[in-house]
Amino acid sequence: MKMRKNKYILLSLATVLLIASSCKRQLLNPLPQTSVADLNVFSSAARIQAQVLSLYGAMKIGNFYGGRYVIYGDIKADNFINETSNLVTGSDVWAGNPTNSATAVVNLWQYAYLTINTCNLFIDGMDSIGTSVVGASLGKNYIAEAKFVRAMSYYALLQYYTLPYGNGAQKGLPLRLSGIKVSGQSNLARSPVTDVYTQIIADLNDAEAGLPASYSSAYNNTTRAHVNTAIALKTRVFLSMGRYDSVIAAANRIVSTAAPFTATQNVAFALQTDVTKVYGTATTTENVLSMPMTSTTGDNPGTQNQLGYYFGATSKNGGVGNGEYSLNAKGVIADSSWKSQTDKRRSFIFTGGGKKWLNKYTAPSPYTDYVPVIRYPEVLLSLAEAIARTTNSIDTRAVALLNAVRNRSDASTTFTPASFTTVTDLTNAILEERNIEFLGEGLRNNDLMRLQLTIPTKGSAPAKGPGDVGYIWPISAVELSLNTLCTDN
Amino acid sequence: MRKHLCFLLWLCLAVCQLHAQTKSATGTVTDEKGTPLPAVTITALTSDRKVISTTVTDINGVFKLSLSENAKTLQFTYIGLEEQFLPIGGRSSFAITMKTGSKNLSEVVVVGYGSQRKSEVTGSVASVKGAAIAETPVQSFEASLAGRSSGVQITVPSGIVNEPPVFRVRGTNSISLSSYPLVIIDGVPSFTGDYTSGNASANPLSSVNPNDIESIDIAKDAAATAIYGSRASNGVVFITTKKGKAGRAKVTYDGWAGWNKAYGIPKMLNADQYIQFKTMAVANNPSLTGASAISFKYAKNADSSNVNTNWADYVYRTGFSHSHNVNVSGGNDATTYYLSTGYTTQEGLVRKNDFKRINILANIDTRLNKAISLGGKASYSNEQNLSAGSSGSLNGEAYNTGALTRLTQVLPSILAPYNPNGSYNINGSAAGSSNITGISSLSYPNPIPIIDLSRSNNEVNHIQSNVYLQVKPLSWITLKTLYGIDYLLIDNDVFLNPVNGDGYTPNGTATATSNKNKTWLWTNTAQFDYTFGEKHNFSLLVGNEQQRRTSATWGIQRQGVSDPNYNVIQAGFTVNNPANNSKGENYLLSNFGRLNYNFDKKYFLAGTLRRDEYSALGQKAGIFYGASAGWEIAQENFWKSVKLDHVFSSFRIRGSYGKVGNINGIGDFSPYNQYYSGLYGGAATLSYALGTVGNSNLKWETSKQTDIGINFGVLNDRITGQVAYYNNNVDGLILYVNQAPSAGLPTVYYAGPPLNVGSMYNRGLELNLNATPVQNKDFTWNTGFNLTINNNKVTGLADGLPSIQTATSSLETVNLTKPGYALGYLWVIRTAGVDAGTGKRIFVNSAGQKVYYQYYAPSGQFNYSTTPDGLTKYVSPSGGTTITQAADAVMYRNPLPKYVGGWSNTFNYKGFTLDVLLTYQAGFYVYYGTNSGLHDQRFWNNATDILTDAWTDKGQTGKKYARPVFNDNVSNGSAMPMDMNIFKGDFIKLRTISLSYNLPSAIVQRVKLSSARVYVSGQNLGIISGYPGPDPEVASNGNTTSGQGVDRNTTPNARTITVGLNVGF
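Residues numbered from 1 in each chain as written. Chains lettered and ligands numbered in written order. Predicted model: local features only at pLDDT ≥ 70, side-chain atom pairs only at ≥ 80, totals over all residues. Heavy atoms only, no water.

Assigned secondary structure in chain B consists of 12 helices and 54 strands. Whereas a compact globule of 1065 residues would reach a radius of gyration of roughly 31 Å, chain B reaches 32 Å, a difference of no more than 12%. Expressed as lengths along the three principal axes of its C-alpha atoms, the size of chain B is roughly 110 × 70 × 70 Å. The 1065 residues of chain B split such that 59% are buried. For chain B, the proportion of contacts with a sequence separation of at least 24, taken over those separated by at least 6, is 69%. Carbon together with sulfur atoms contributes 55% to the accessible area of chain B, which is approximately 39,500 Å² in total. Looking at chain B, you have 87 positive and 68 negative side-chain charges, and the mean spots of the two groups are 3 Å apart. (Helix = DSSP H or I, 4+ residues; strand = E, 2+ residues; numbered from the N terminus. Rg over C-alpha atoms; globule rule 2.2 N^0.38 Å. Buried < 20%, exposed > 50% of the residue type's maximum accessible area, 1.4 Å probe, protein only. Contact = heavy atoms within 4.5 Å. Areas by Shrake-Rupley, 256 points an atom, 1.4 Å probe, with all protein chains shown as cover. Lys, Arg positive; Asp, Glu negative; His and termini not counted. Charge placed at Lys NZ, Arg CZ, Asp CG, Glu CD.)

Below you can see the structure in the form of structure tokens.
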């Protein structure tokens, strides 16, 4: 009996010991295996490098520079006709009446700020840990890239949600400059437009000072920011601000004094001889900044965000797209001075199903054409315009810059100072050249906005003048409901 | 806690002493029919009820027990039979007949880590016998729990097979997390919900063959559930599967075959009506002239007759189902076993929507000696859930253009299903519509190629197994260790055909994903049952438990078939992408204890404590508790002195209070801000924008529950009843709180960071009555009625979060959650009928002003006008010129049933048994969103009532639908949800009616059987409801807590007839 009792005691004790030793307390703090917790994202150089690319990745999302931001720049303006009346694909943007809760209004706001916060968190993290991990030199480069992306993002928001810089508008944007990863930070009032532009310029100055002169591959030179990219963006921003002297000062650093116009320092920006070779997956010296795409899910714009999907004709009509927007017969394609026989850029216009379509973007689903964000001819034309406006004369260099762009595609047309009777003729020609050159590249709306021009009527959509409701977008309804300090336009 | 447990165990063992033995008792135990009863426990007790020795009867019902001098009483116990106490006196030989006890005394209920006599339970527990649900043609057992117990709401969401029902115990207790109760199968928590990724749903609980269930016990209040601490706030459901019974091996076969059919399918316009009606609608829209003109022609069949397609004929069918189960049960006094196997194929009412299951369950329990017993179970189930594609019924599917149910209503009856040459009538990705001029593509596919060529299947392999070792070093000490696993392994196999529908543009899409969910669980408990001085009965349980779950999913999506005949994932495709990759893990570490005390079975006290630590939380540890008390007044002398015992055989007051939690559905890595990997032009990125926002302070949702009740028995328990009041206050509800978008937090997976901010309550009253109104030699009638009255109210959300919208399939929002209202309140725009003079829809704006709407506004008129003539432009109080949901919708009706219950009746007459179960829900409203589609004035087909109920002529009053104007999708509710499509959901259903006949034993024995029974039964044969749709028992948003009461393109429910046979060998 005694033996038996002991046996049970031993058995029970063994069980208890087993229990005591079996609790695996370390399992209470598991780390994710398919993601990286924020505590560890600055722990190695490789992770920091991957974060740098994520800043561009955030900007490249289909709702932002990878698709819709660019698309809105065209469909809000006058060169396209909406074919599908689909609110999801921006029929309201086209008609000039998106509401506070419209897909376009809500999403562009959200994705731009998501990019901004990603940049802010990165800059904060680099300041506190990251730079010590990668070293001062690389750290400086990376922070400069983050500021470049942040500048791109704020600039994008200003083009749709605020009145132009020259308007003297007070209602700009909530200006967020430090990273947020907890709740309770919703409330922040809108800073004046001028303050936001000032911040953008400050970021670009820092970027220019911190960015590398170039990368080791043409691909990286087109898909990441280097010194000359920051300068090119500055010309765009200064032009939007109407600071033409600054445009000239910046542009002159990447544009030679005489034709052929190229950047003589750092990455040698230059026009390519054949304009049809700068789309698709081109990474030429003309492609200042492009958003690269691949066929892997998540690395392309995604459903209903792709330029080719919006502007391309349907397969039934011989295209690769969904026929969302056809070319407005009364838009820029009606311009007879844009010669239909000799100008290569006319080859981007394609007729199918009785309508005209833009086929700059020809890769089929999943639409892997790179999105051209900045091309060198923009810098040339911005410089030309700034010179014309500041000198208030038919300046020969301005004409030469304009001619460089026209002549490249249409050898039969050569502009000389004699081609223009007034300065206004020249500036109009420069604007028209931009309209032709960047058709389907998202610049049209911004050009109309910065000069406070009326958006002309197109199809059934009414014209929108600077004072009209719908000239700029309302503020996102979600922002207004959750940020009590933010007010609507 | 662990230290204490260890010490206690040691202490118990150390004080162990054996008693001297001097004499013995022998005897036999039989049941009321005189059959010897094996495995009856006989315990010798001292005068103060201390245990001296114990034994069990052998296979012949014979026992022999050593007794000491101080042995005074023998106790005989057997589950299901009435316990007996016999004074020993001078006797040494005994013959005992055990009786079927009156229910309250003998029944036991499972209470978590053990069982208790029902008569001693002070918490609120409902029990359902396995037999009640065994033979019903359902895929998983809980679908047949409706109406069987108070406090339990079961809503079958649609007629799609194996979709988990909406299952609520005492109301909905969460917003963002799951409100499904915790389901414990033989001691191991099961998976609940749907883990598949295609269009065929799979309920993990369908792996349990209903025929293998012995009992279902549903713990409802904190006293009963607190032993499961952090997971208990939605109630706990204990499933106990059958075990072997000692005796000769008994083999039982049970089989049934059944037919089901949809009921309440809307009647659609035929070809003649369609052309006539739509032509009139086109004429009413002057913008459709000239180049925009739309016209309809008859399509022709091969025999040149007019095409008149009833699309429902091509989508629905009469489903045939059958099921077969064989089990073997037996054993001797030391070892019992149970082996069961089942096969079932159940066809749903939508073509190609099938459920097939093969399952096997084996268990064995053996007693090595007086002190040690061990055993285990192994169960394996293979289920195939098949479907051609989306039906439109599962959560998130309502607006799928390829949804089969929806296509039966949208596609015009003038379209031919096939071309005269036998090929599919298609046009690109859409159905062919060459006989409609003016609309280039209908954008909805032909359902036939989807049914023929596509599939969205999954195969589930589910393994649930456990082993245990139990040691009783002393008769009053039970030590038990149990290790269990639950492996839910799912393969999803989806193919969208390249011919028509969603697979057309990518030229075929195949997706295969493998999803593995694994649980292991190790439980160790020590139980001490001790009686002092005859009347002080103590039972103490202490335990420790660890549960770990891991999940891993990987998959691939391939597009563009390389050969038109390819339809499997392994074939050639041109585009390859990863799909649905994820990996998760969590760990729950717990210590718990429970103390039950009663004095003389008159006064009862119980307390439970559990400490849980959970890996997915920021604040890992939490303490949960429940305390309860009961008073059996019928045992009191004063009660007897006023002769109340002549009326009440029992009368007990009980009450409980406790705090429990909910963690079901919290992401495994919620405490962290996570950066996810992405790509930038093929290069790796580490992105916060693609990531999640965490909360390092995240903790459980907590539910504080009060329960007060009375249990009584009248006329020697011929009538028994329970009445209970409960009050569950839930706070710390986890909400994913939206932050201003300008804060720039990622919202890829959640709307915002998870915060413990919300609060709500469920308060209610439960009533259960069971009675045997008639009982005589040939005829008995047993009846049970139950009612639950529940009142749900949300009392708080987060700061800066005035309300939460819950969209149906991310398109239409009808449910709004707002403090002061029930969860997911129906939120719609008010209307005031149709204007008699013009046939315009009259909206009522936020200020109560009437606004007249016309889809087509002639020059000089407005779409929205404050006058019927359309000449006065409507300007809203906030300056808008249209009616919008954001501005004008009101909190309109409650979608949560206030009254839920059932009424069951069993009539026995000689060998015949008639079971009738009625279930009901009342006091709620349903948004019949399908109705807006049925009256949409685009090319969509309409229900036939449009012919009589739409305004056509001046002066018509009381019309439901506006003047038909082609393309008008606003007036009848498609564009904005409105009140005219909300209806009372109250219903009474004849859920089950079943007639069975036990063949007389004389006949049965002649064919060498021990029993034989045949039955015929019907499900859902009748419904009484004012609801105009197919069935008010519906849930387009599935188990979504805040999205109930929506009926959007849902497949109707099935009406089923089965015939069955049950034979014992």
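To continue, consider unusual backbone geometry. Backbone torsion omega between Ala259(A) and Pro260(A) reads -10°, so that peptide bond is classified as cis. Checked against the element boundaries, Pro260(A) lands in the loop between α10 (244-252) and β3 (287-291). One non-glycine residue with positive phi stands out, namely Asn392(A), at about 50°. With respect to the helices, strands and loops of the structure, Asn392(A) is situated in the loop between α12 (376-391) and α13 (396-409). The exposed category is assigned to Asn392(A), whose relative accessible area is 59%. Phi is positive for Ser304(B), close to 65°, though the residue is something other than glycine.

What follows covers the interface of chain B and chain A. Where the parts come together, the accessible area they lose is often given as the size of the interface. On the side of chain A, 73 residues touch chain B, which itself brings 61 residues to the contact. Interface area, chain B with chain A, both sides summed: about 6,000 Å², of which 65% is carbon and sulfur. Connecting chain B to chain A are 1 salt bridge. Between Arg25(A) and Glu613(B) there is a salt bridge, with its nearest N and O atoms 2.4 Å apart. Taken together, the connections running from chain B to chain A amount to 21 residue pairs in polar contact (both at pLDDT 80 or more). By residue number, the principal contributor to the side of chain B that touches chain A is strand β36 (residues 683-692) of chain B, which donates 7 residues. Of the residues contributing to the side of chain B that touches chain A, the split by class is 35 nonpolar, 19 polar and 7 charged. As paired strands, strand β1 (residues 35-37) of chain A and strand β35 (residues 674-680) of chain B are joined by 3 bridges and run antiparallel to one another. Residue pairing for β35(B): Ala37(A) is matched across the bridge by Gln674(B). (Buried area = accessible area lost by both parts, 1.4 Å probe. Salt bridge = Lys/Arg side-chain N within 4 Å of Asp/Glu carboxyl O. Polar contact = N/O pair within 3.5 Å; in protein donor to acceptor, adjacent residues only side chain to side chain. Nonpolar A, V, L, I, M, F, W, Y, C, P; charged D, E, K, R; others polar. Pairing = 2+ DSSP bridges.)

Residue and element names in this part refer to chain B. Relative to strand β49 (residues 912-922), strand β48 (residues 899-909) is paired through 11 bridges, and the arrangement is antiparallel. Its bridge partner being in β49, tyrosine 909 is matched across the sheet by phenylalanine 912. What sits between the antiparallel neighbours β48 and β49 is a turn of 2 residues, in which lysine 910 has the positive phi angle 50°. Looking at chain direction, β49 and strand β52 (residues 987-998) are connected through 10 bridges and run antiparallel. Its bridge partner being in β52, aspartate 915 is matched across the sheet by serine 994.

Attention now goes to helix α4 (residues 271-283) of chain B. Residue pairs three or four apart in sequence face the same way in an α-helix, which turns once every 3.6 residues. Residue and element names in this part refer to chain B. Along its 13 residues, α4 runs 18 Å from first to last C-alpha, staying within 8% of the 18 Å computed at 1.5 Å per residue. Ala271, Tyr274, Ile275, Phe277, Lys278, Ala281 and Val282 are the residues of α4 that are buried. Packed against the buried residues of α4 are β18 (295-296), β25 (436-437) and α11 (946-949). Between the side-chain oxygen at the start of α4 and the backbone nitrogen of aspartate 272 there is a gap of 3.2 Å, and the oxygen is on asparagine 270. (Expected span 1.5 Å × (residues − 1).)

One water molecule sets the probe size; rolling that probe over the atoms shows where empty space is left. Residue and element names in this part refer to chain B. Tallying each qualifying case throughout the model produces 19 cavities of 30 Å³ or more. A volume near 520 Å³ is recorded for the largest cavity. Forming the boundary of the largest cavity are 34 residues, of which Pro137, Val138, Gln139, Val156 and Ala1054 lie nearest the centre. Contributions of two or more residues to the lining of the largest cavity are made by β20 (335-347), β52, β53 (1011-1025) and β54 (1054-1064). For the lining of the largest cavity, a count of residues per class yields 12 nonpolar, 16 polar and 6 charged. (1 Å grid on protein atoms, 1.4 Å probe; cavity = no way out; pocket = protein on both sides within 12 Å on 5 of 7 lines; lining within 4 Å. Points joined across faces, edges and corners; volume = space filled by probe spheres on them.)

A few words now on the pairing of strand β1 (residues 23-30) of chain B. Residues and elements named next belong to chain B. Pairing geometry for β1 and strand β4 (residues 62-67), over 6 bridges, is antiparallel. Bridge assignment links threonine 28 to a residue of β4, and that residue is valine 62. Bridge analysis of β1 against strand β7 (residues 93-97) gives 5 bridges, and the strand direction is parallel. Counterpart to threonine 26 in the pairing with β7 is serine 93.

With the rule as written, the count across this model stands at 63 aromatic pairs over all chains. For the ring pair Tyr444(B) and Trp940(B), a centre distance of 5.9 Å and an interplane angle of 85° mean the geometry is edge-to-face. Residue Tyr444(B) is found in the loop between β25 and α7 (447-453), and its partner Trp940(B) is found in the loop between α10 (930-934) and α11; the two are separated by 496 residues along the sequence. Overall, Trp940(B) belongs to the buried group, its relative accessible area being 7%. Geometrically, the ring pair formed by Tyr928(B) and Tyr1027(B) is tilted, given 5.3 Å between the ring centres and 55° between the ring planes. Taken together, the residues Tyr928(B) in the loop between β50 (925-927) and α10 and Tyr1027(B) in the loop between β53 and β54 connect sequence positions 99 residues apart. In this structure Tyr928(B) comes out as buried when scored by relative accessible area, which is 3%. On the accessibility criterion, Tyr1027(B) (7% relative accessible area) is buried. Here a set of aromatic residues connected by ring pairs shows up, and it is made of Phe64(A), Tyr65(A), Tyr69(A), Tyr72(A), Trp109(A), Tyr113(A), Tyr154(A), Tyr160(A), Tyr161(A) and Trp473(A). (Phe/Tyr/Trp six-rings, centres within 6.5 Å; stacked < 30°, edge-to-face > 60°.)

Residues and elements named next belong to chain B. With respect to the element layout, isoleucine 414 can be found in the loop between α6 (404-410) and β23 (426-427). It is 29 Å that separates the C-alpha atoms of isoleucine 414 and leucine 394, two residues lying 20 residues apart in sequence. Each residue touching isoleucine 414, except ones within four places of it in the same chain, is listed here: Ala271, Tyr274, Ile275, Phe296, Lys297, Ala299, Val307, Asn435 and Ile436.

The next thing to look at is the packing of α10(A) against α12(A). Any two packed helices are characterised by how steeply their axes cross, that is the angle between the axes, and by the distance between the axes. All names here are of chain A. α12 packs onto α10 with a crossing angle of 135° between their chain directions and a minimal axis gap of 9 Å. Considering their axes alone, α10 and α12 lie oblique with respect to each other. Crossing of α10 over α12 shows left-handed handedness. Across from Tyr244, Asp245, Val247, Ile248, Ala251 and Asn252 in α10, the residues of α12 making contact are Val379, Ser382, Leu383, Ala386, Ile387, Arg389 and Thr390. (Axes fitted to C-alpha atoms, helices over the stretch in contact; angles between N-to-C directions. Parallel < 35°, antiparallel > 145°, perpendicular 65-115°, else oblique. Left-handed = near helix turned anticlockwise from the far one by under 90°.)

It is worth spelling out the sheet that holds β7(B) at this point. Hydrogen bonds along the backbone pair up the strands of a sheet, which may run parallel or antiparallel. Residues and elements named next belong to chain B. Within the open sheet, the 3 strands sit side by side as β4-β1-β7. Their pairing is mixed. Bordering the open sheet on either side are β4 and β7, each of which pairs with just one other strand. Averaged over all neighbouring strand pairs, the angle between strand axes comes to 25°, with direction disregarded.

Here the focus is the nonpolar core. Tyr65(A), Phe148(A), Tyr161(A), Ile200(A), Val255(A) and Phe311(A) are the most contacted members of the largest nonpolar core, which has 143 residues in total. Tallying contributions element by element places helix α6 (residues 136-161) of chain A first for this core, with 15 residues. If we skip the residues at most four places from it in the chain, Phe311(A) touches Ile71(A), Asp74(A), Ile75(A), Phe80(A), Tyr325(A), Trp357(A), Leu358(A), Tyr361(A) and Gly440(A). One finds Leu407(B), Leu415(B), Tyr444(B) and Tyr853(B) within the second-largest nonpolar core, a separate group that totals 73 residues. (Core = buried A, V, L, I, M, F, W, Y, C linked by side-chain atoms within 4.5 Å.)

With that settled, consider the environment of Ala404(A). Residues and elements named next belong to chain A. For alanine 404, the position within the fold is in helix α13. Separated by 23 residues in sequence, alanine 404 and leucine 381 place their C-alpha atoms 9.3 Å apart. Once residues lying within four places of it in the same chain are set aside, the contact partners of alanine 404 are Phe261 and Leu271.

Evaluation of the coordinates by the stated rule reveals 52 salt bridges over all chains. A salt bridge links Asp274(A) to Lys344(A), with the nearest nitrogen and oxygen atoms 3.2 Å apart. Taken together, the positions of Asp274(A) in the loop between α10 and β3 and Lys344(A) in the loop between β4 (325-327) and β5 (349-352) put the pair 70 residues apart, joining distant regions of the chain. By relative accessible area, which is 12% here, Asp274(A) ends up buried. Among the residues examined, Lys344(A) registers a relative accessible area of 36% and is labelled partly exposed. The salt bridge involving Arg317(B) is made with Asp354(B); its shortest N-O contact spans 2.6 Å. Placement of Arg317(B) in the loop between α5 (312-315) and β19 (319-331) and of Asp354(B) in strand β21 (residues 354-367) is noted, with a sequence separation of 37 residues between them. Since its relative accessible area comes to 12%, Asp354(B) is described here as buried. It is possible to trace a salt-bridge network through shared partners that takes in Glu286(A), Asp343(A), Arg345(A), Lys360(A), Arg375(A), Arg406(A), Arg408(A), Glu433(A), Glu437(A) and Glu441(A).

As far as function goes, none of this settles anything; it's purely spatial.
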